[in-house]
There are 2 protein chains.
Amino acid sequence: MKKIINRPEDFVNEMLEGIYAAHPGSVKQVGEDPRCLVSAHKQEGKVGIATGGGSGHLPLFLGYVGKGMLDGCSIGDVFQSPSAEQMLAVTREINSGAGVLYIYGNYNGDIFNFDMAAEMADFEEGIRVESVVVGEDVASGAPVKAGEKNTRRGVAGIFFVYKCAGAAAAAGLSLDEVKRVALKACDNVRTMGVALTPCIVPRVGRPGFEIGEDEMEIGMGIHGETGIRRGKLLPADKIVDEMLSPILADLPFVAGDQVAVLINGLGATPLEEQYVIYRRVAQVLKQKGIEVYHTYVGEYATSMEMAGASISLLRLDEELKQYISAPADTPFFKQFAL
Amino acid sequence: MKKIINRPEDFVNEMLEGIYAAHPGSVKQVGEDPRCLVSAHKQEGKVGIATGGGSGHLPLFLGYVGKGMLDGCSIGDVFQSPSAEQMLAVTREINSGAGVLYIYGNYNGDIFNFDMAAEMADFEEGIRVESVVVGEDVASGAPVKAGEKNTRRGVAGIFFVYKCAGAAAAAGLSLDEVKRVALKACDNVRTMGVALTPCIVPRVGRPGFEIGEDEMEIGMGIHGETGIRRGKLLPADKIVDEMLSPILADLPFVAGDQVAVLINGLGATPLEEQYVIYRRVAQVLKQKGIEVYHTYVGEYATSMEMAGASISLLRLDEELKQYISAPADTPFFKQFAL
């Protein structure tokens, strides 16, 4: 295990200590628990937005706490959900009377704890909480049908949900309206990934899975969940085509649509390669008559030292375009108004 | 070689094609050569700042072209200098009458070509060009003495030189004054790195050097240049102490100093580990009575998929603090006014 860490059991708390030390004007911890993180800029009367999840995915989840995005985040061990009590502590801190929206990925541990936290917030604190669960990885389940449970994993596309809901909350919308915007973003975002190497959970000390020196896995999840096809590493354009095709077919994205694109590096894949990926994505979208409104390229949701990337597309209408274009200022994501 | 690329010989141009496609409102190419990149926002009457260097270090070098930073960049093959003609094409494009400042790293190929480009700009175009060569890696040579040649490599600390000179030029200072600010930043910045794994130049197809499964090299350069010590991988705090100690002794940084800190990931090292590194840096600086004014953590100067990190410290006076605090908006680096 080749990591720059101290004791594996101290990894998460030492990472958090570094984050609080590096960004004292942006984020702060709630009380004595470093795993409950909130924005240093509380805005009275605004709907609070909280997220949470396991460590090992920076800048997910806590990296998006700040102006124009989220208000708080609870942090678990590597790939583990934070507790309902930690979620509740964050909820209490960020509520300023307008209620709180939870936005998090579609994982059982997180669902269980966020549901419990929402109940406690209502019952014990009288805080109204609504929840939006993001699951947009087309490799991980059938298309969602109205009224049925979504079985898809939430991956990098949650960034778009944070961005739209965060901008809506910053604009002063009510809890119901912010939730509606978040759900609209969920309905219009699709993702697919590819992994080339595994990552190592520090306390485990060995790779979570094995993959051959010349292999890739299309559709693998950010915790190493099984994808849709393992095979020989292909040229970049073929990999992109294989990921993009099911994304486009799923919504479907069609000629005349306007989209925001996120090319996300999983951790060890150089930015150069992410741009080689985007080059092909832009070519294909142009061929299909789909217009790109704005593009994000970089590490937005990682798996520590995993090599690989994901592609997320968000179909835009005028409302979502407005929220994508709004400014944001967090430790990990800064954007001037587009 | 496990990379998401097409033909290795197309790597650089396809990466650039992706960059132009992703950031059409921010950067554009000069004429027919994608390796000559300039800002889409030319500001008349402003001193132009150009940089350049080999590919494989994103966001170096071209990633810092934009508002409040640089105006243009010429790009070479992986780890190769661009040509003097390419530098000249960029110079011609960004000159708006106030002259041009070259800021680049201390590598022979770059020095040779930038010197030739400066002569051609003066002789053929009547454009006044000044140059600042950055070499701040304390692992790579003796401390610089007045009047002697600097043998040190330029690494991630060049970001601070870009930031200060870019803000000075944006504030309307003259070429001589912008150069003075850039030199002041050079005089006050020091860096040291550590590498855990090699990287692979696509056209070569194999690692540039070998390093054992349990080894690290303190002081290694971003092209794999030999460092000051190779040995067993140590805990993070010990690695930081071994890097920070020669940095602090070199300037020297002393109690009462105010600094900006850059923790830079070399490519494959997770952001989590970079924060574990910063945690220790903050502890040591506090012990030494050195005050941190602002901290940057992330990938600012990489070697593709190399694992490792570097620490850069910039000693601030009131003037440099003002330039560090100024806003900037480039494809890779955005900062609201501090």
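Residues numbered from 1 in each chain as written. Chains lettered and ligands numbered in written order. Predicted model: local features only at pLDDT ≥ 70, side-chain atom pairs only at ≥ 80, totals over all residues.

### Remarks on the relation of the copies chain A and chain B
Where we set the bar: Here the copies are superposed with least squares, the fitted atoms being C-alpha atoms of residues at a pLDDT of at least 70 in both.
Overlay of chain A on chain B (RMSD 0.0 Å): rotation 180°, translation along the axis 0.0 Å. The transformation relating the two chain copies, once decomposed into turn and shift, fits a two-fold axis. Judged by C-alpha distance, A268 of chain A is the residue of chain A that lies nearest the rotation axis, at 1.9 Å.

### Notes on the interface of chain A and chain B
The test is simple: For the purpose of contact definition, each residue receives a C-beta atom placed from its backbone, and two residues are in contact when these atoms lie within 7 Å. Working definition: helices are DSSP H or I runs of at least four residues, strands are E runs of at least two. Numbering for both runs from the N terminus. Only Asp, Glu, Lys and Arg are considered charged, only Ala, Val, Leu, Ile, Met, Phe, Trp, Tyr, Cys and Pro nonpolar, and every remaining residue, Gly among them, polar.
Contacts between chain A and chain B engage 48 residues on the former and 47 residues on the latter. Elements with a contribution of two residues or more to the side of chain A that touches chain B: α1 (11–22), α6 (236–250), α7 (271–288), β11 (291–298) and β14 (334–335) of chain A. Among the residues forming the side of chain A that touches chain B, the class breakdown is 27 nonpolar, 10 polar and 11 charged.

### Some words on the domain arrangement of chain A
Residue and element names in this part refer to chain A. In plain terms, the rule: Start and end positions for the domains come from either an automated domain assignment or a database one.
Each assigned domain of chain A is listed here: domain 1 (9–187) and domain 2 (189–335). Each of domain 1 and domain 2 has a C-alpha centre, and these two points are 21 Å apart. Counting residues at the interface gives 42 residues for domain 1, matched by 41 residues for domain 2. Contributions of two or more residues to the side of domain 1 that touches domain 2 are made by α4 (158–170) and α5 (175–188). Residue classes in the side of domain 1 that touches domain 2 are distributed as 25 nonpolar, 10 polar and 7 charged.

### Quick notes on the packing of α6 of chain A against α7 of chain A
All names here are of chain A. Convention followed: Fitting a line to C-alpha atoms yields each axis, with helices limited to the stretch in contact; the angle taken between N-to-C directions then spans 0 to 180 degrees. Reported orientations rely on four angle classes, namely roughly parallel under 35 degrees, roughly antiparallel over 145, roughly perpendicular from 65 to 115, and oblique for the rest. Should the near helix be turned anticlockwise from the far one by less than a right angle, the crossing is left-handed, and should it be turned clockwise, the crossing is right-handed.
Contact geometry of α6 with α7 gives a least axis separation of 9 Å together with a crossing angle of 50°. Between α6 and α7, the angle falls in the class oblique. Crossing hand, α6 versus α7: right-handed. Contacts between α6 and α7 pair A236, D237, V240, D241, L244 and L248 from the former with V276, I277, R280, V281, V284 and K288 from the latter.

### Some thoughts on the sheet that holds strand β7 (residues 189–195) of chain B
Residues and elements named next belong to chain B. Applied cut-off: When DSSP finds at least two bridges between two strands, those strands are taken to pair.
What the 6 strands build is an open sheet, ordered β9-β8-β7-β12-β10-β11; its pairing is mixed. Only two strands of the sheet have a single partner each, and these edge strands are β9 (229–232) and β11 (291–298). Here the strands of the sheet are splayed against their neighbours by 15° on average, with no regard to which way each runs. Where strand β10 (residues 258–265) lies against strand β12 (residues 308–315), 7 bridges are found, and the strand directions are antiparallel. Across the sheet, I263 pairs through a bridge with I311, a residue of β12. Its contacts with the sheet put helix α6 (residues 236–250) on β7, β8 (215–218) and β12, and the angle it makes with β7 is roughly 155°.

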